[in-house]
Amino acid sequence: MLDLRLLHYFVAVAEEEHVGRAAERLHISQSPLSRQIAQLEKNLGLTLFERSQQRIRLTSDGRVFLTEARALLRHADRLENLGRRLGRGEEGGLCIGYVADAMHTGILPAALRALREERPGIHVALYDQESAEQFEGLRQRSLDIALVRTPPPEDDPDLSATALLQDPLLLALPADHPLAEKHELTPDDLTGQPWIAVGDAQDATWRDSFLASCVASGFTPDIRLDAADPLTALGLVASSLGLALVQKSMVRGSTDGVVVRELLWYERSVGLWAAWHRVDLRPVVASFRETVLAGQHAAQGHTAQRQQPGGADDGGEPVR
């Protein structure tokens with residue numbers, strides 16, 4: 001039987017890649033931690049780490065074990081919380097996975113407000129995770145519902161999903177840029193301009209896809225910077241470092257130093273989906289799922305109202 005305490009130790013060392021730092025994080029001494037990791041490897045009959053004088057690294061087997069260890073610890077944490085809530089007479093609570101888009105489109109906050117009004121005593125745990133990690137959480141029942149950028153495959157035997165909305169991409173450019181004076185931009189206007197590409201951590205081909213979509217629309221961007229997320233991209237645009245394409249929902253009122261334009265000829269958007277396990281939905285989970293689905297139209301309208309003055313008209317419709 002695996003000792004969960006040893007798994008906590010293993011995950012800390014794997015994430016820090018240094019026994020000393022992991023020991024500080026765990027508030028224990030370094031020597032006992034090293035012995036515990038060695039004991040775990042002995043118990044498993046598996047080498048989890050490659051060791052050198054400078055650092056400690058996971059083996060290929062160790063990386064696989066780390067993924068499963070994290071999932072098990074999350075599930076154990078949820079199980080403990082569930083037991084405590086049941087012991088207090090609560091109905092079990094909710095564990096919700098989400099991507100950032102679920103927050104800034106307003107869908108998740110609106111659903112949580114509705115839940116609080118309907119069931120004020122319920123406990124909710126939120127987990128900011130990429131889509132693939134959320135799907136695994138649904139399968140292992142460590143998550144009750146997932147809000148993701150892409151749906152599971154249609155033939156997935158375990159999971160179901162419904163599209164919530166498509167968040168159209170708008171052009172963000174510095175307020176002092178010469179093109180900021182134009183309200184209708186053509187592909188020729190954008191060719192050769194310095195660009196900030198917004199990355200997608202879960203898609204290794206995101207840069208190629210971005211370039212291909214631009215070329216298909218008639219312009220070739222000169223990518224100078226890569227941004228990890230839309231908010232970072234907007235900050236770089238405000239600093240006059242380039243142009244970027246960001247979701248409409250990210251444009252909040254008047255962003256200082258940034259002008260936003262709709263490109264009617266660039267038909268790209270970022271999707272948001274709700275996913276859940278097909279089997280044995282608890283009543284509270286089914287109820288919250290319906291709240292999320294019912295709130296998609298309100299969130300779509302809320303997104304449209306938050307665009308920057310002088311920008312685009314409402315363009316994205318929920319996918320059904």
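Among the nonpolar cores identified, the biggest contains 23 residues, and Leu 108, Leu 147, Leu 164, Phe 288 and Val 292 are the most heavily contacted of them. Those residues in contact with Leu 147, other than ones at most four positions away along the chain, are Gly 97, Tyr 98, Val 99, Ala 102, Leu 108, Gln 134, Leu 164, Leu 272, Trp 273, Ala 274 and Val 292. In this structure, Ala 12, Ala 14, Leu 33 and Ile 56 belong to the second largest nonpolar core, which totals 22 residues.

This part covers the confidence of the model for the protein. For the protein, per-residue confidence averages 83 on the pLDDT scale, and residues scoring 70 or more make up 86% of the total. Ranking the elements of the protein by mean pLDDT puts helix H12 (residues 296-305) last with 48 and strand E5 (residues 145-148) first with 95. Within the model, pLDDT remains below 50 along residues 301-320, and this stretch shows 56 contacts once partners closer than five positions in the same chain are excluded.

A cluster of nonpolar side chains, namely Leu 2, Leu 4, Leu 44 and Leu 72, defines an oily patch on the protein surface of about 280 Å² accessible area. Secondary-structure assignment places Leu 4 in helix H1 (residues 4-16).

As a further point, take the environment of Ala 22. Structurally, Ala 22 can be placed in helix H2 (residues 19-26). Residues Ala 22 and Phe 10, 12 residues apart in the sequence, show an inter-C-alpha distance of 9.1 Å. For Ala 22, the contacting residues outside a window of four places in its chain are Ala 12, Val 13, Glu 16 and Leu 33.

Relative to the helices and strands, Gly 242 is located in the loop between helix H10 (230-238) and strand E9 (244-247). Judged by relative accessible area, Gly 242 falls into the buried class, the value being 3%. For the pair Gly 242 and Pro 174, spaced 68 residues apart in the sequence, the C-alpha separation amounts to 7.2 Å. Aside from chain neighbours lying at most four places away, what touches Gly 242 is Pro 174, Pro 194, Ile 196, Leu 236 and Val 237.

All right, on to the packing of aromatic side chains then. Under the definition given, this model contains five aromatic pairs. Here Trp 195 and Phe 219 contribute two aromatic rings whose centre-to-centre distance is 5.5 Å and whose plane-to-plane angle is 25°, an arrangement assigned as stacked. With Trp 195 in strand E7 (residues 194-198) and Phe 219 in the loop between helix H9 (206-217) and strand E8 (222-227), the pair connects residues that are 24 residues apart, well separated along the chain. Taken individually, Trp 195 and Phe 219 each receive the classification buried, so the pair is uniform in this respect. The interplanar angle of 80° and the centroid separation of 5.8 Å between the aromatic rings of Phe 219 and Trp 265 together place this pair among those described as edge-to-face. Residue Phe 219 is located in the loop between H9 and E8, and its partner Trp 265 is located in the loop between strand E10 (258-261) and strand E11 (269-277); the two are separated by 46 residues in the primary sequence. In this structure Phe 219 comes out as buried when scored by relative accessible area, which is 2%. By relative accessible area, which is 26% here, Trp 265 ends up partly exposed. Through successive ring pairs, a cluster of aromatic residues spans Trp 195, Phe 210, Phe 219 and Trp 265. Over the ring of Trp 276 we find Arg 289, and its NZ or CZ is 4.7 Å from the ring centre.

Conventions we followed
Note that residues are indexed from 1 along each chain, following the sequence as it is written. Where totals are concerned, whole chains, interfaces and linings use all residues; where local detail is concerned, this predicted model gives features only for residues with pLDDT of at least 70, and gives and counts side-chain atom pairs only at 80 or more. Only hydrogens and water are set aside when side-chain values are computed; all heavy atoms of the structure are taken into account. By nonpolar core we mean a set of buried residues, namely Ala, Val, Leu, Ile, Met, Phe, Trp, Tyr and Cys, connected to one another through side-chain atoms within 4.5 Å. Buried residues are those whose accessible area, probed at 1.4 Å on protein chains only, stays under 20% of the maximum for their type, while exposed residues exceed 50% and partly exposed ones sit between those limits. We call two residues in contact whenever any of their non-hydrogen atoms come within 4.5 Å of each other. The predictor attaches a confidence to each residue, called pLDDT, with possible values from 0 through 100. Put simply, DSSP H or I for four residues or longer makes a helix, DSSP E for two residues or longer makes a strand, and each gets a number counted from the N terminus. Surface patches are drawn from residues lacking salt bridges whose relative accessible area is over 30%; two like charges belong together within 9 Å, two nonpolar side chains (Val, Leu, Ile, Met, Phe, Trp, Tyr) within 5 Å. Computed with a 1.4 Å probe, the accessible areas rest on the Shrake-Rupley method; for each residue, only the protein chains presented here act as cover. Between Lys or Arg on one side and Asp or Glu on the other, a salt bridge is scored when a side-chain nitrogen of the former is within 4 Å of a carboxyl oxygen of the latter. Pairing of aromatic side chains requires ring centres within 6.5 Å, counting the rings of Phe and Tyr and the six-membered ring of Trp. Pairs whose planes differ by under 30 degrees are stacked, by over 60 edge-to-face, and all others tilted. Think of it as a cone above the ring: NZ of Lys or CZ of Arg counts as a charge over the ring if it is within 6 Å of the ring centre and within 35 degrees of the ring normal.

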